[in-house]
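# Overview (structure and organization)
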Amino acid sequence: MSSTNTVNGGISFWYADDGLPTAREPLTGDTTADVCVVGGGYTGLWTAYYLKKAAPFLRVTVLEQRFCGYGASGRNGGWLYNGIAGRDRYARLHGHDAAVRLQQAMNATVDEVIRVAAEEKIDADVHHGGVLEVAYTPAQLARLRAFHEAELAYGENDRTLHGARETAERIRVAGAVGSSWTPHGARLHPVKLVKGLAAAVEALGVTIHESTPVTEIKPKHAVTPYGTVRAPYVLRCTEGFTASLKGQRRTWLPMNSSMIATAPLPADVWETIGWAGRETLGDMAHAYMYAQRTADDRIALGGRGVPYHFGSRTDNDGRTQPATVDALREILVRFFPQLTGVRIDHAWSGVLGVPRDWCATVTLDRATGLGWAGGYVGSGVATANLAARTLRDLVQRDSGQAGATDLTALPWVNHRVRKWEPEPLRWLGVHGMYATFRAADRREDSSHSASSSRLARLAERVAGRH
Ligand SMILES: Cc1cc2nc3c(=O)[nH]c(=O)nc-3n(C[C@H](O)[C@H](O)[C@H](O)COP(=O)(O)OP(=O)(O)OC[C@H]3O[C@@H](n4cnc5c(N)ncnc54)[C@H](O)[C@@H]3O)c2cc1C
């Protein structure tokens, strides 16, 4: 049942809430810079921020196709948390200790974003309440326990496992049988962060050109219809849009994620839900959901809709299929039955970047001066900041301004992976995987078995996720 009052698209609820920005001036002709950053999301903006802070003399230019925060950085669920795509694979490739260092860097990154936001006076509705992940079937509970143990083994000693009663004391999710909570997470307003960051970067003296699509990146050149920026370093920070660049069609798959935001809920409804700690909330389903309680007391909740569009097409300003809106509403009501019939004010979608092996990476090719960061899958709000500080260190090392650092030694640096298959294999593979996940979730919902679906595990292996 889709509501006719629901705003669909309009980029995201966060823009409806905080206002769309006026675009900055586009590029007008050829120019030069010391570093050219392509893409004005968290990755590009944090990179410009840290480079300029470290070396104020650098001429840094950011080129953005629409406006800063047009992509996932202006549309996400606002989970600033310590998850990083690919950690387990990095443990297999580089050893457990290297992956522990990566995890510790991610834990510290949550604090770093909060620190800089405060220092730059960016009020992004940050609430440091941690992350609560719940289980509501026996199979999910078994996965939750295994997940919890694995996180402890990566050094997260401050994570706690809750039974049904303790879970309900935090958030009363219908039928929840357990949860795992980590302090390394915070809720935030994605657009307030990205707007504040763009303003901070500009105040430092970085040049930002908006409405300036880059059509091709080649060594020392970022080519646009309005002119070319020549720079010794060109850094690609285009995440889910990467496929639209010349030569990059099969580099990272643009995966959709969709969200809904309810109307603000009254105090008496919140009494029945709890959620006073404003933890970000997730589950252990194969096709998982994620949610936050917003500063103005709505629930913003997301999950996979149509996961992928044929030919790596990206989106049209966040418009979302009515069936996806209905599916997200169903999850909302599954979690909180008292919200049956609640008004959904907004629905939107965005794209994230998925590499063939589902591993986030940050790379600088010293031979060409080309760098890139991303492939964060669904966890880029914090990871983009770690990537940006790492790109800064890689550029500084390469240009002789500094040496190697702890960040340049992390196992995700300079990781290479093969491209995705051509169509229609790409489309078939991703749709097959998510159809399997949804079927597995349905089966687990109605079963008392504690073992995870074998088909879902197989689908993950085939898709390269594990
Ligand atoms: C619906 C949704 C919910 C999510 N929820 C969470 C969450 O709760 N927590 C979490 O950790 N992660 C979440 N993510 C992922 C997270 O938002 C992203 O990983 C992160 O924002 C990536 O930042 P980015 O700067 O690398 O990419 P983006 O924010 O996508 O920025 C890329 C920018 O590059 C620009 N661009 C692209 N191509 C070109 C070009 N050719 N020329 C010029 N400019 C170009 C785009 O317009 C865009 O502004 C979510 C993502 C989505 C879509």
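Residues numbered from 1 in each chain as written. Predicted model: local features only at pLDDT ≥ 70, side-chain atom pairs only at ≥ 80, totals over all residues.

As annotated in an unreviewed UniProt entry, the protein chain carries the name FAD-dependent oxidoreductase and is attributed to Streptomyces alboflavus.

## Digging into the sheet that holds strand β14 (residues 233–236)
Where we set the bar: Here, strands pair whenever DSSP counts at least two bridges between them. Runs of H or I in DSSP of at least four residues are treated as helices and runs of E of at least two as strands, each being numbered from the N terminus. Angles shown run from 0 to 180 degrees and are taken between the N-to-C directions of axes, each axis being a line fitted to C-alpha atoms and, for helices, limited to the stretch in contact. Residue pairs are scored as contacts if the distance between their C-beta atoms, which are placed from the backbone, is within 7 Å.
Spatial strand order, β10-β4-β3-β14-β21-β20: six strands in an open sheet with mixed pairing. On the outer flanks of this sheet lie β10 (207–209) and β20 (361–365), each paired with one strand and no other. Sheet twist, expressed as the mean angle between neighbouring strand axes with direction ignored, is 15 degrees. As defined by bridge partners, strand β3 (residues 35–38) adjoins strand β4 (residues 60–63) across four bridges and the pair is classed as parallel. Bridging across to β4, C36 finds its partner in T61. Across the face of the sheet, helix α10 (residues 383–398) comes into contact with β3, β14, β20 and β21 (370–374) while running at roughly 15 degrees to β20.

## What to know about the pairing of strand β17 (residues 290–293)
We count it as follows: Every C-beta atom is placed from the backbone, and the number of other C-beta atoms within 10 Å of a residue's own sets its class: buried at 20 or more, exposed at 12 or fewer, partly exposed in between.
Every second residue of β17 is oriented toward a common face, with Y290 and Q292 on one face and A291 and R293 on the other, all of them buried. Remark: six residues form the turn of the hairpin made by strand β16 (residues 280–283) and β17, two consecutive strands paired antiparallel. When β17 meets strand β18 (residues 299–303), the two strands line up antiparallel, connected through four bridges. Bridging from a neighbouring strand, Y290 pairs with G302 of β18.

## Notes on the packing of helix α2 (residues 42–54) against helix α7 (residues 190–203)
Operational definition: Angles below 35 degrees are treated as roughly parallel, those above 145 as roughly antiparallel, those between 65 and 115 as roughly perpendicular, and all remaining angles as oblique. With the far helix as reference, a near helix turned anticlockwise by less than a right angle produces a left-handed crossing, and one turned clockwise produces a right-handed crossing.
Following both chains from N to C, one finds α2 and α7 inclined at 30 degrees, their axes separated by 9 Å at the closest point. Taken together, α2 and α7 sit at an angle that is classed as roughly parallel. Of the two elements, α2 crosses α7, and the hand of that crossing is left-handed. When α2 is examined against α7, the residues Y42, L45, W46, A48 and Y49 are found in contact with a partner set consisting of V194, L197, A198, A200 and V201.

## Some remarks on the site of the ligand
Stated formally: For each residue, a C-beta position is placed from the backbone atoms; the residue is near a molecule or strand when that point lies within 6 Å of it. Each residue gets one label: Ala, Val, Leu, Ile, Met, Phe, Trp, Tyr, Cys and Pro are nonpolar, Asp, Glu, Lys and Arg are charged, and the others, such as Gly, are polar.
Taken together, 44 residues lie around the ligand, and G39, G41, G71, G350 and G380 are the ones closest in. Looking at side-chain class alone, the shell around the ligand contains 19 nonpolar, 21 polar and four charged residues.

## Details of the environment of F67
By the element assignment, F67 lies in the loop between β4 and β5 (79–81). Taking the number of C-beta atoms within 10 Å as the measure of exposure, F67 has 21 and is therefore buried. Taking the C-alpha atoms as reference, F67 lies 7.4 Å from R24; in sequence the two are 43 residues apart. Contact partners of F67, with chain neighbours within four places excluded, come to P21, A23 and E210.

## Brief notes about the nonpolar core
Our working rule: The nonpolar core criterion groups buried Ala, Val, Leu, Ile, Met, Phe, Trp, Tyr and Cys residues into a set whenever they are joined through C-beta atoms within 7 Å.
Grouped together as the largest cluster of nonpolar side chains are 129 residues, with contacts concentrated most on V35, C36, V38, L45 and L197. Those residues in contact with C36, other than ones at most four positions away along the chain, are T61, L63, A222, V229, A231 and V234.

## Quick look at the sheet that holds strand β6 (residues 131–135)
The strand order β1-β19-β15-β18-β17-β16-β6-β8-β7 describes an open sheet built from nine strands, whose pairing is mixed. Of all the strands in the sheet, the pair left with one neighbour each is β1 (7–8) and β7 (160–163). Pairing of β16 with β17, which is carried by two bridges, proceeds in the antiparallel orientation. Its bridge partner being in β17, G282 is matched across the sheet by Y290. The strands that helix α5 (residues 138–153) touches are β6, β7, β8 (178–182) and β16; relative to β8, the one it contacts most, it runs at about 25 degrees. Here helix α9 (residues 322–335) sits on the sheet and contacts β15 (253–262), β18 and β19 (344–354); the angle it forms with β18, its principal contact strand, is near 120 degrees.

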